[in-house]
Amino acid sequence: MAKIMNLPGLDDMDYDPAGVYQALTGLEKEDATSQECMAVVMERVTAKVQALTKRTEENQSSGQTYRYVDTDFIKALRYGYVIEIQEPSTIAQPGVLVGLNSLLEQSGTITLPTGEIIQRHPDAVVVVTTNTSYEGCRGMNQSVLDRMSLVRDVELPTPEVMVQRAMSVTGATDEYQVGQMVQVVNDLAEYCRKNSISDGSYGMRSLIDWITSAEITGDVYQSALYTVISKATADEIDREALISAVLEPMFGPKRKNSIKE
């Protein structure tokens, strides 16, 4: 649509909002923001979509029809649901999330392509989650952060809590065995931090996958290789180091360890 209508891109609106605003409206406004530019663009796109829809209705012989469908995000804000936006920092174009800033406000509104104006429901809750330490994740846009009511860093829970959660999810009953597995996961995370191994991931998901796999295979050691060690790093040398320094002291390869039913 941007190419068809010769509209400015998101980068243009982010880096030169005043120039873009003047190009769109013919009016000079030195303090123009990217959100104002986006609003003008959305108005033009909305008008174009309405025109195309009307033209299609008038010419049914073409067989072309257009139907707007609410996204889960719009439904949540329209009806007052709770919605989670995962990993917004991985969005390639930073202006995409900024374009939703008006809806991140408690009393925000947005104009849909149909021309309908959506008012954010007072009960709507938006939860934004991201892993800033993951490869590919960048820092959050400051204008988006400014609209967050609460910002909290969430660390791994205590070992005792990890054991109870893992047992609840997997149905495992051997608390001692699961406690040993939790210790391995935590020791692995510490080893990776101390040795700058940062190309993988580890935590509750890896732990749950490990327990589930061990219940199927009956071999805790072998299951760890394919659920915990393999996720921690892609480097073969680092994997061998993790096995010898973290896994084998707790679960040696010659020992038959299994989750008790």
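Residues numbered from 1 in each chain as written. Predicted model: local features only at pLDDT ≥ 70, side-chain atom pairs only at ≥ 80, totals over all residues. Heavy atoms only, no water.

### Observations regarding the overall build of the protein chain
At step 1: Scanning the protein chain from N- to C-terminus turns up 13 helices and four strands.
At step 2: Burial status across the protein chain gives 35% buried among its 261 residues.
At step 3: Here the analysis covers contacts within the protein chain between residues at least 6 apart in sequence; of these, 61% occur between residues at least 24 apart.
At step 4: Accessible surface, the protein chain as shown: approximately 16200 Å² in total, 50% of it carbon and sulfur. (Helix = DSSP H or I, 4+ residues; strand = E, 2+ residues; numbered from the N terminus. Buried < 20%, exposed > 50% of the residue type's maximum accessible area, 1.4 Å probe, protein only. Contact = heavy atoms within 4.5 Å. Areas by Shrake-Rupley, 256 points an atom, 1.4 Å probe, with all protein chains shown as cover.)

### Quick notes on the nonpolar core
At step 1: Counting 32 residues, the largest nonpolar core has Val 178, Leu 188, Leu 207, Trp 210, Leu 247 and Phe 251 as the members making the most contacts within it.
At step 2: Breaking this core down by element, the ones donating at least two residues are helix 9 (159–170), helix 10 (175–194), helix 11 (204–217), helix 12 (220–232) and helix 13 (236–247).
At step 3: Counting residues in each nonpolar core, the second largest holds 13 residues, with Ala 76, Leu 112, Ile 118 and Val 126 among its members. (Core = buried A, V, L, I, M, F, W, Y, C linked by side-chain atoms within 4.5 Å.)

### Brief notes about the packing of aromatic side chains
At step 1: Counting across every chain of the model gives two aromatic pairs.
At step 2: Here the aromatic rings of Tyr 79 and Tyr 81 are separated by 5.9 Å at their centres, their planes lie at 35 degrees, and the arrangement is tilted.
At step 3: The exposure class assigned to Tyr 79 is partly exposed, which follows from its relative accessible area of 48%.
At step 4: When the ring of Trp 210 is compared with that of Phe 251, the centres are 5.7 Å apart and the planes differ by 85 degrees; the resulting orientation is edge-to-face. With Trp 210 in helix 11 and Phe 251 in the segment after helix 13, the pair connects residues that are 41 residues apart, well separated along the chain. Neither Trp 210 nor Phe 251 differs from the other in exposure class; each is buried.
At step 5: Geometry around Tyr 21 places Lys 29 over its ring, the cationic atom sitting 5.7 Å from the centre. (Phe/Tyr/Trp six-rings, centres within 6.5 Å; stacked < 30°, edge-to-face > 60°. Lys NZ or Arg CZ within 6 Å of the ring centre and 35° of its normal.)

Coordinates in, geometry out; function isn't part of it.
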